[in-house]
Amino acid sequence: MPVDFLSDDQVSRYGRFAAEPTPGELEQFFRLDVPGLEAARSKRSPANRLGFTVLWGSVRMLGVFPTEDLAVVPAVVVRFAAEQLGVEASEWAGYGVRKQSRYEHAWEIRDAFGYREFGEAEQEVRAFLAARVWASVEGPRALFDRAVVWLVDNRVLLPGITTLTRLVAETRAQELAELYRTLDEAVPSELRQAMRELLKVPPGKRVSELERLRTGPVRVSGTAMREALDRAREVRALGAGRVEMGGVPSARMAALARYGLGSKAPTLRDLEETRKTATMLATVRHLETASVDDALDLLDVLMGSRLLARAERIGREEKLKSLPKLKKAAGRVAKAVEVLLGTAPATLDGEAVSVLDAWEAIEKVVPRAKLAEALSVIAECVPDGDGDEDAEWRAALASRYGTVRGFIRLLVDTVDFGAVEAGAPVVKALKQLPHLVGQRKVAASEVDQQLVTGSWRRLVFANPDVEPGCVEKAAYSFCVLEHLHRALRRRDVFARDGDRWGDPRAKLLAGDRWETAEPTVLTALGLEAEPAAHLAELASALHGAYHQVVAGLPTNSAVTVKDGKLQLDRLGPAPEPNLMPAFRQLANSMLPKVDFPELLLEVAELTGMTTAFTHISGADPHMDDFEVSVCALLLAEACNVGLTPVAKPNVPALTRARLVQVDQGYLRAETISAANGMLIGAQAKVDIVRAWGGGLVASADGVRFTVPVQTIHAGYSPLYFGLRKKGATWLNVVNDQVMGLGGVVVPGTLRDSLFILDALLGRDGGPKPETVVTDTASYSDIVFGLFAICGYQFSPRIADISDARLWRTHASADYGPLQEVSRHTVRLDRVRAHWGDMLRVAGSLTLGEVRGHDLIRMLSRDGRPTGLGDAFAHYGRIFKTLHLLQFISDDGYRRMIGKQLNITEARHRLARRIFFGQRGELRQNYREGMEDQLGALGLALNAVVLWNSLYLDRAAKQLAADGFPVTDDLLARLSPLQFDHINFLGRYAFFRPQEAGRRPLREPSTGGEDDGER
């Protein structure tokens, strides 16, 4: 069987030294243990002792004995082995004199150290691969690598490469066939036939029924809401959710669904029968959840932007219109009251002033009719005891009853709502609403009067157009829907069939699952099940930090305490070394000029990133010039120019048909993420990058994009997108090595802090950051607590320190000048009471069981934290105070925060330069499309950063070799975020680099055109 699914790299390193072993690998595989040392010393000649040791280490590392050609063994291995034995490395040449000795030594090592021939372990390897195929979505290349690692770890000698390749291919095919058969047998005949019908195009239609069902809503209207609910109901009626899965892992079902969602109906129709049934089953089951989530996404946007926001705007306009009338009426009443207050209670004779006398005096200033009219105006404009400031917009909202009336019953019938105790009354009222809407009159006794609060009471119960004892249906319906909207957002109400709108509490680790995961979670986070010691350590650290800061206040002229508030002077610019401007100019001017397509191809060649782009079916690519097609698509997405500028009808890898095929089959969020991880790893190996940081500091911030197309995944913000325009935010995380670690797409401008934790926990690669920097708007006490318990130091930039509140754990401690600003005490007892649940939350977050933004919303209700949220808030206040104390006392800490945020801002400028097409607007209708395109932009950004870093490293080394005094302090100030030397415009030609990473540097220049990032 051919080995065509293997990459050239896999073939070249199979059983061979692909490169010189690292110092760590030498220690791991070639450091002799006691039995190995004894066996080596038993050989007579130094050459045999050295040869035996090299063979012993080689089989431990590679799984084979290099007995045929000793030249393949790197010299560093021979030297390492010789040093252990106390012999000369030159003895290695003598080991090749008698070939039989090598085989004898290999047999001896095999027998003495428990190595087996492949045939003896073949069934074990098959079982291992079968388990991997069943439980994961790895392609044949990844399975091949897994098999090699398993063989080496289990002391099984590697077979010929064709033998192992055949085994991988056969096992994968057999297990996938068994998977398809298992799912096919579980599907009832009626469902099987119904799913077949979905692949057909109905008469008079242009697309298949499957394509119609997997197309989510984009318009925001009551009609679109009805259509979205009809879609969800139709998908659920197929009954795929009731099929027992027979133990098929969720990862496998997700992979099948991904293939079904990404393939055209004719492709699915042509699949083998069992695979077709399995794929359609997974696809329809996924659509059951996705359609509910899409419907509730639309409800959220409809209520938030089209109904509530518009009603609030109308309410504000009406309020503004009423101000002149109110001002005039208030003036009349003021005159009357002034007369009344100026009238003595009795005459000089002691006779009491009558009411008639008082009215006579008032009417000389304000006629009684005018005063009554003024009081009427005030009563109309000013809320009464049951009213509030929302009366105007709620009245305007009730007037739009026709928008929601048509889908209320459908909403209740389609979505299976669940609720916690706080949301139960809302769900109960919602389920009664269709019955009430159908009645001509609704009695007040039929509605939940506890939900009708504030200005809703007057609108619901005191409408003059409704009979006494009855309620205004439109107002009551909107009252319930407003409560539902708020409860859904904080997940007090949730969709049992949903994912994004599901119950985050149900996803938390609990019971046996938590007992199993708890030891691993506690070890990873450095925490203990009993919090006493941990909290005592934090209290001591906080107490010590106060005293340290107080002791430094006399010499810290930047901070003062005035009127019980902190004041902090702004930091000036950090001084640069005298040689820095010249060094920056010289190094930047040496960067080669390059076209963007060539840059992408060069990075792909250096990193092998295109191997991460596997097919949605799990197969690896088998196309000629696949790298060219992928890089062209990445450019089209990242530059926002579409396929037309990159398609070339006379180049097979760049024809439109080929690009569409690769786009639909290979480019998606998970493959882009995997490729990005390869770039992050490559960046960390560049020498100059070590001067920038170790990857342990990261910052999170968002880039805003206007979205001019119809979509429910964008929001309004006049500040960022302009008046009545929608947009989305790409929240991305960047480490101090200037690499993007990943990001998430946020509709509109929702608070970034709700999503930062998700972006961090779902990062594409690199070490886990220890410090996370954000801007001021991203922090709250609960956020501090969640970040801390997950192992992150949260370090937001504080714009106005005077609003900050310091907390203490020692209530009676005297903190001198900081005493007035640290009056509030952390309640450690509340943290202790909820510690077990806090650990479960941390474990569920770090293991990916639940999303951070869902939890943060769940931990507070109407601006007030829940019990668990309060515990997180108090826990977070310790870390917030430690951060604030360091912020006011350590200039280096403040500069680190500012420097990291400057990196993020510079990276965003580069992102804008790359994403220049279509006026820089994001023209994607669906969330997945936004994520894929912005993921491609992030990958392209990292490619530019890596390419610049490689050539800056070469330039710095060249300058050092030419005599320039290059220091780490100078290197730390170079930036790979420049782009003047890169051409992003014009017609794109994709030529492979002759020697990746070795373009000639330009001659250094002390002034002129290429002077860094803009």
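This text follows the structure it describes.
Residues numbered from 1 in each chain as written. Predicted model: local features only at pLDDT ≥ 70, side-chain atom pairs only at ≥ 80, totals over all residues. Heavy atoms only, no water.

**Remarks on the overall build of the protein chain**
When you go through the protein chain residue by residue, the secondary structure sums to 41 helices and 16 strands. If you line up the protein chain on its principal axes, its C-alpha atoms span 140 × 80 × 60 Å. When burial is assessed residue by residue, the protein chain has 51% of its 1014 residues classed as buried. Expressed as a percentage of contacts within the protein chain between residues at least 6 apart in sequence, the contacts between residues at least 24 apart total 77%. Only carbon and sulfur atoms are counted for the fraction: they give 51% of the accessible area of the protein chain, which is about 45,600 Å². Each charge class in the protein chain can be summarised by its mean position, and for the 127 positive and 131 negative side chains these summaries are 4 Å apart. (Helix = DSSP H or I, 4+ residues; strand = E, 2+ residues; numbered from the N terminus. Buried < 20%, exposed > 50% of the residue type's maximum accessible area, 1.4 Å probe, protein only. Contact = heavy atoms within 4.5 Å. Areas by Shrake-Rupley, 256 points an atom, 1.4 Å probe, with all protein chains shown as cover. Lys, Arg positive; Asp, Glu negative; His and termini not counted. Charge placed at Lys NZ, Arg CZ, Asp CG, Glu CD.)

**Section: the environment of G618**
For G618, the location among the structural elements is in the loop between helix 28 (596-607) and helix 29 (626-638). Overall, G618 belongs to the buried group, its relative accessible area being 11%. Sequence separation between G618 and V87 is 531 residues; the distance between their C-alpha atoms is 51 Å. Residue contacts for G618: discarding those within four places in its chain leaves E138, G139, P140 and R172.

**As for the packing of helix 2 (residues 23-30) against helix 5 (residues 75-85)**
Interhelical geometry of helix 2 versus helix 5 gives an angle of 55° and a closest axis separation of 11 Å. When the axes of helix 2 and helix 5 are compared, the pair comes out oblique. As helix 2 packs across helix 5, the resulting crossing turns out to be right-handed. Residues L26, E27 and F30 of helix 2 touch helix 5, and the partners they reach there are V76, V77, F80 and Q84. Along the lines of polarity and charge, the residues of the contact of helix 2 with helix 5 split into five nonpolar, one polar and one charged. (Axes fitted to C-alpha atoms, helices over the stretch in contact; angles between N-to-C directions. Parallel < 35°, antiparallel > 145°, perpendicular 65-115°, else oblique. Left-handed = near helix turned anticlockwise from the far one by under 90°. Nonpolar A, V, L, I, M, F, W, Y, C, P; charged D, E, K, R; others polar.)

**A short note on the packing of helix 9 (residues 161-186) against helix 13 (residues 250-262)**
For the pair helix 9 and helix 13, the least separation of the axes is 13 Å and the interaxial angle reads 85°. When the interaxial angle is binned, helix 9 and helix 13 end up roughly perpendicular. Contacts from L176, L179, Y180 and L183 of helix 9 reach helix 13 at R252, M253 and L256.

**Quick word on the packing of aromatic side chains**
Following the criterion strictly, the structure yields 17 aromatic pairs and no others. The structure contains a cluster of three or more aromatic residues connected by ring pairs, namely F784, F787, Y792 and F794. Looking at K768, its charged tip hangs above the ring of Y792, at a distance of 4.8 Å from the centre. The lysine or arginine in question, R877, covers the ring of W807, its NZ or CZ lying 4.2 Å from the ring centre. (Phe/Tyr/Trp six-rings, centres within 6.5 Å; stacked < 30°, edge-to-face > 60°. Lys NZ or Arg CZ within 6 Å of the ring centre and 35° of its normal.)

**A look at unusual backbone geometry**
A positive phi is found at D563, a non-glycine position, where the angle reads about 55°. Counting through the fold element by element, D563 comes out in the loop between strand 3 (559-562) and strand 4 (565-568).

**Things to note about the pattern of salt bridges**
Under the definition given, this model contains 60 salt bridges. Here R110 makes a salt bridge to D111, at a shortest N to O gap of 3.2 Å. We classify R110 as partly exposed; its relative accessible area is 22%. When its relative accessible area of 56% is taken as the criterion, D111 is described as exposed. Among the ionic pairs, D837 bridges to R840, the shortest N-O distance being 3.5 Å. Of the two residues, D837 and R840 both sit in helix 36 (residues 835-846), three residues apart, roughly one turn of that helix. For D837, a relative accessible area of 33% translates into the label partly exposed. Look at the salt bridges and you will find they share partners, linking R231, D294, D297, R500 and R927 into a network. (Salt bridge = Lys/Arg side-chain N within 4 Å of Asp/Glu carboxyl O.)

**Structural notes on the pairing of strand 6 (residues 697-706)**
With respect to burial, strand 6 is a largely interior element, 10 of its 10 residues being buried. Covered by surrounding structure in strand 6 are V697, S699, D701, V703 and F705 together with A698, A700, G702, R704 and T706, the residues of both alternating faces. Pairing geometry for strand 6 and strand 10 (residues 771-774), over three bridges, is parallel. Residue pairing for strand 10: V697 is matched across the bridge by T771. Bridging between strand 6 and strand 8 (residues 726-735) involves nine bridges; their strand directions are antiparallel. By the bridge assignment, F705 is partnered in strand 8 with A728. (Pairing = 2+ DSSP bridges.)

**Quick word on the state of the cysteines**
A complete count under the given rule lists zero disulfides for this structure. Unpaired in terms of disulfides, C470 finds its nearest cysteine sulfur in C479, a separation of 17 Å. For C470, a relative accessible area of 13% puts it in the buried group. (Disulfide = S-S within 2.5 Å.)

**Here we look at the nonpolar core**
Counting 167 residues, the largest nonpolar core has F596, I789, Y875, I914, L937 and F990 as the members making the most contacts within it. Setting aside chain neighbours within four positions, we find F990 in contact with P597, L601, V628, C631, A632, L635, V646 and L654. In terms of nonpolar packing, the next biggest core, distinct from the first, is built from 55 residues, L298, L307, A429 and W501 among them. (Core = buried A, V, L, I, M, F, W, Y, C linked by side-chain atoms within 4.5 Å.)

**Here we look at helix 25 (residues 511-525)**
An ideal rise of 1.5 Å per residue puts 21 Å on 15 residues; helix 25 measures up with 20 Å between its terminal C-alpha atoms. By the largest-angle criterion, A517 marks the main kink of helix 25, which is about 40°, and a proline, P519, follows within four residues. Taken together, the buried residues of helix 25 touch helix 34 (781-789) and helix 36. G526, located one to two residues past helix 25, shows a positive phi value of around 70°. (Expected span 1.5 Å × (residues − 1). Bend = angle between axes of the 7 residues up to and from the residue.)

**Focus: helix 2**
L26, F29 and F30 are the residues of helix 2 that are buried. Taken around the axis of helix 2, the buried residues stretch over an arc of 90°, which confines them to a single face. Looking at the buried positions of helix 2, the neighbouring elements they touch are helix 4 (46-62) and helix 5. (Arc of directions from axis to C-beta.)

**Focus on the environment of L296**
Position of L296 among the secondary structure elements: in helix 15 (residues 273-342). Sequence separation between L296 and H485 is 189 residues; the distance between their C-alpha atoms is 9.5 Å. Sequence-distant contacts of L296, defined by excluding residues within four places in its chain, comprise L411, V415, F417, L488, A495 and W501.

**A few points about the side chain of H105**
Tracing the backbone shows H105 in helix 6 (residues 99-112). Setting aside residues up to four positions removed in sequence, H105 forms contacts with K43, N48, F52, L55 and Y95.

**Topic: the pairing of strand 8**
Of all 10 residues in strand 8, 10 are buried, a share of seventy percent or more. Residues K726, A728, W730, N732 and V734 point to one face of strand 8 and G727, T729, L731, V733 and N735 to the other, with burial holding for every one of them. Of the pairings in the sheet, the one linking strand 7 (residues 715-716) to strand 8 comprises two bridges and is antiparallel in character. The partner of Y716 across the bridge, within strand 8, is K726. Inspection of the sheet shows strand 8 paired to strand 9 (residues 740-747) by seven bridges, in the antiparallel sense. Looking across to strand 9, one finds that V734 is bridged to G740. Linking strand 8 back to strand 9 in an antiparallel pair, the connection comprises four residues, with V738 at a positive phi of about 70°.

**What to know about the side chain of E138**
Within the secondary structure, E138 sits in the loop between helix 7 (118-135) and helix 8 (140-153). One polar contact links E138 to R146, side chain to side chain, over a distance of 2.8 Å. (Polar contact = N/O pair within 3.5 Å; in protein donor to acceptor, adjacent residues only side chain to side chain.)

**Digging into the environment of E1003**
With respect to the element layout, E1003 can be found in the segment after strand 16 (982-983). Accessibility expressed as a relative area gives 67% for E1003, which makes it exposed. Separated by 416 residues in the primary sequence, E1003 and A587 have C-alpha atoms spaced 9.7 Å apart. In this structure, E1003 is in contact with S589 and M590, ignoring residues within four places of it in sequence.

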